[in-house]
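# Examining the three-dimensional arrangement
Next come the chains, spelled out residue by residue.
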Amino acid sequence: MAELIPGVRNSARALILRDDRLLLLRKEGDVYALPGGGQDTGESLEAALQRECREEIDTEVLSPSLVRVCDYFKLKRTEPPARRHQVDFLFLATVPDDYTPRNGIRPDKRQLEVQWVEADALAGLAFSPFYLASLLPRLIRAGSAAAGPLYTGVFHDSPDS
């Protein structure tokens with residue numbers, strides 16, 4: 001089993017839906033991610049969400065509402081292998097009506113572009129974190145914070161650890 005890096009890292013991510021489409025970051029290797037990222041010390045989750053969205057998608061989000069909390073043990077590409085314990089807070093949100101997808105001033109590493117993706121096309125995509133592949137279709141179908149448990153459980157990058 002990979003060594004666990006001390007400390008827990010919080011991240012805030014935006015689930016932005018419009019007309020059966022989801023706003024996603026497309027990264028190198030055709031991997032997709034939700035906009036958002038790590039919370040800084042002294043920063044609220046909502047402030048982290050807004051900062052990350054300005055940096056990655058060039059806009060703040062409107063009416064963020066917490067819909068899921070996920071424990072995630074991310075495998076780091078180090079030698080020897082190590083894991084980072086991350087807690088992802090997923091917020092359902094919107095963007096201004098006139099928003100068009102574009103990279104922000106400080107895109108995520110390996111971020112290539114921002115794009116609307118049809119909900120029906122999600123099943124064929126690779127995601128980071130990987131658990132989004134199964135969680136996102138359920139969240140999109142539910143369409144609200146009230147559907148299902150708020151805490152989704154624990155996810156590991158590899159089933160053998």
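Structure: above.
Report on the accompanying structure. Everything numeric here is computed off the predicted structure, so don't read it as measured data.

Here the focus is the overall build of the protein. Counting its regular elements, the protein contains two helices and nine strands. Against the globule reference of 15 Å for 161 residues, the protein gives a C-alpha radius of gyration of 15 Å, in line with a compact fold. If one aligns the C-alpha atoms of the protein with their principal axes, the spans along those axes are about 45 × 30 × 30 Å. Looking at the protein as a whole, 43% of its 161 residues qualify as buried. Excluding contacts between residues fewer than 6 apart, the proportion of contacts in the protein whose partners are at least 24 apart in sequence is 71%. For the protein, the accessible surface area stands at approximately 8400 Å², while carbon and sulfur atoms represent 51% of it.

Looking now at a positive patch on the surface. Where like charges cluster on the molecular surface, the positive patch consists of Lys 74, Lys 76, Arg 77, Lys 109 and Arg 110. Of note, Lys 109 is situated in the loop between β6 (82-94) and β7 (111-118). On the basis of relative accessible area, Lys 109 is assigned to the exposed category, the value being 60%.

Counted according to the given criterion, the structure contains three aromatic pairs. Each ring, one from Tyr 72 and one from Tyr 131, has its centre 5.7 Å from the other, and the planes form 65 degrees; the classification is edge-to-face. Separated by 59 residues along the polypeptide, Tyr 72 in strand β5 (residues 62-76) and Tyr 131 in the loop between β8 (126-127) and α2 (132-142) bring together distant segments of the chain. Take Tyr 72 and Tyr 131: they sit in the same class, and that class is buried. Here a set of aromatic residues connected by ring pairs shows up, and it is made of Tyr 72, Phe 130 and Tyr 131.

All right, on to the nonpolar core then. A general tendency of soluble globular proteins is for nonpolar side chains to be buried together. Core analysis: the biggest nonpolar cluster contains 19 residues, and Leu 22, Leu 24, Leu 34, Leu 90, Leu 122 and Leu 136 have the highest contact counts within it. With five residues, the single largest contributor to this core is α2. The residues touching Leu 22, leaving out its near neighbours within four places in the chain, are Leu 15, Ile 16, Leu 17, Leu 34, Gln 115, Trp 116, Val 117, Leu 122, Leu 136 and Ile 140. Residues Ala 14, Leu 49, Val 61 and Phe 89 belong to the second largest nonpolar core, which totals 18 residues.

With that settled, the discussion passes to the pattern of salt bridges. Using the criterion set out here, one finds eleven salt bridges in the structure. A salt bridge links Arg 106 to Glu 55, with the shortest nitrogen-to-oxygen separation between them at 3.4 Å. Taken together, the positions of Arg 106 in the loop between β6 and β7 and Glu 55 in helix α1 (residues 45-57) put the pair 51 residues apart, joining distant regions of the chain. A residue is classified by how much of its surface remains accessible, and Arg 106, at 55% relative accessible area, is exposed. Since its relative accessible area comes to 11%, Glu 55 is described here as buried. What you see here is one network of salt bridges that share partners, running through Asp 40, Glu 43, Arg 51, Glu 52, Glu 55 and Arg 106.

The rules behind the values
Residues numbered from 1 in each chain as written. Predicted model: local features only at pLDDT ≥ 70, side-chain atom pairs only at ≥ 80, totals over all residues. Heavy atoms only, no water. Helix = DSSP H or I, 4+ residues; strand = E, 2+ residues; numbered from the N terminus. Rg over C-alpha atoms; globule rule 2.2 N^0.38 Å. Buried < 20%, exposed > 50% of the residue type's maximum accessible area, 1.4 Å probe, protein only. Contact = heavy atoms within 4.5 Å. Areas by Shrake-Rupley, 256 points an atom, 1.4 Å probe, with all protein chains shown as cover. Patch = residues over 30% accessible without salt bridge, like charges linked within 9 Å, V, L, I, M, F, W, Y side chains within 5 Å. Salt bridge = Lys/Arg side-chain N within 4 Å of Asp/Glu carboxyl O. Lys, Arg positive; Asp, Glu negative; His and termini not counted. Charge placed at Lys NZ, Arg CZ, Asp CG, Glu CD. Phe/Tyr/Trp six-rings, centres within 6.5 Å; stacked < 30°, edge-to-face > 60°. Core = buried A, V, L, I, M, F, W, Y, C linked by side-chain atoms within 4.5 Å.

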